[in-house]
Amino acid sequence: MSTARDDGLALLRQMIPDLTSGDSDQLRLRDGFATGLGEQSLETVFGRLWVRPGLDLRARSLVTLGILIALRADGELRIHFPTALRNGLTREELEEVVFHSAAYAGFPAAALAGQVGREVLDPPQSTD
């Protein structure tokens, strides 16, 4: 029988493959201050909430992006924009989430999300 942690780890490996280190079940999180937050998120957020029936991963990504935009959580948006693409959203849909959020979360929040989206989804091209 799997635990919430096992379920969360399996889901994270699917959604954010670079976050786990190889065959290990260790997340690549920084040691130090508040280190336990990663484990708490793994078990609670991903192992209990993201795996619930009722919404698929695509819908959960839409909801999550809307909330993160409203919170101006740019660090989390950097993770969740590419994750949303892996969960089936298109680039155009991601842009629509940003546009739509301007009406409900405010233009500054949407502008920040747009900036993060450009940085994450349109990285500068190398001129080598």
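You'll find the structure just up there.
Calculation notes
Residues numbered from 1 in each chain as written. Predicted model: local features only at pLDDT ≥ 70, side-chain atom pairs only at ≥ 80, totals over all residues. Heavy atoms only, no water. Core = buried A, V, L, I, M, F, W, Y, C linked by side-chain atoms within 4.5 Å. Buried < 20%, exposed > 50% of the residue type's maximum accessible area, 1.4 Å probe, protein only. Helix = DSSP H or I, 4+ residues; strand = E, 2+ residues; numbered from the N terminus. Contact = heavy atoms within 4.5 Å. 1 Å grid on protein atoms, 1.4 Å probe; cavity = no way out; pocket = protein on both sides within 12 Å on 5 of 7 lines; lining within 4 Å. Points joined across faces, edges and corners; volume = space filled by probe spheres on them. Nonpolar A, V, L, I, M, F, W, Y, C, P; charged D, E, K, R; others polar. Phe/Tyr/Trp six-rings, centres within 6.5 Å; stacked < 30°, edge-to-face > 60°.

Novice: Help me out: how do you make sense of the nonpolar core in this one?
Specialist: One finds L65, I69, L77, F81, L94, V98 and A113 to be the most contacted residues of the largest nonpolar core, which totals 15 residues. Counting only elements with at least two residues in this core, the list comes to α3 (57-71), α4 (74-86), α5 (91-105) and α6 (107-121). The element contributing the most residues to this core is α6, with four residues. Sequence-distant contacts of V98, defined by excluding residues within four places in its chain, comprise I69, F81, A110, A113 and G114. In this structure, L9, L12, M15 and W50 belong to the second largest nonpolar core, which totals nine residues.

Novice: How should I be thinking about the layout of surface pockets in this particular structure?
Specialist: By volume, the largest pocket amounts to about 500 Å³. Together, 23 residues line the largest pocket, and S41, V45, F46, E76 and H80 are the ones closest to its centre. Of all the secondary-structure elements, those providing two or more residues to the lining of the largest pocket are α2 (36-49), α3 and α4. Broken down by element, the lining of the largest pocket gets its largest block of residues, eight residues, from α2. Here the lining of the largest pocket is composed, by residue class, of 15 nonpolar, six polar and two charged. Considering only enclosed or pocket space, the second largest pocket measures out at about 280 Å³ in volume. Those elements that place two or more of their residues in the lining of the second largest pocket are α5 and α6. Considering only residue class, the lining of the second largest pocket consists of 10 nonpolar, two polar and four charged.

Novice: For this particular structure, what's the right way to read the packing of aromatic side chains?
Specialist: Given two aromatic rings, one states the distance between the centres and the angle between the planes to describe the pair. In the structure shown here, the tally under the stated rule is one aromatic pair. Measuring from ring centre to ring centre gives 5.9 Å for F46 and W50, while their planes differ by 25°; the resulting arrangement is stacked. With a relative accessible area of 9%, F46 lands in the buried category. For W50, a relative accessible area of 8% gives the class buried.

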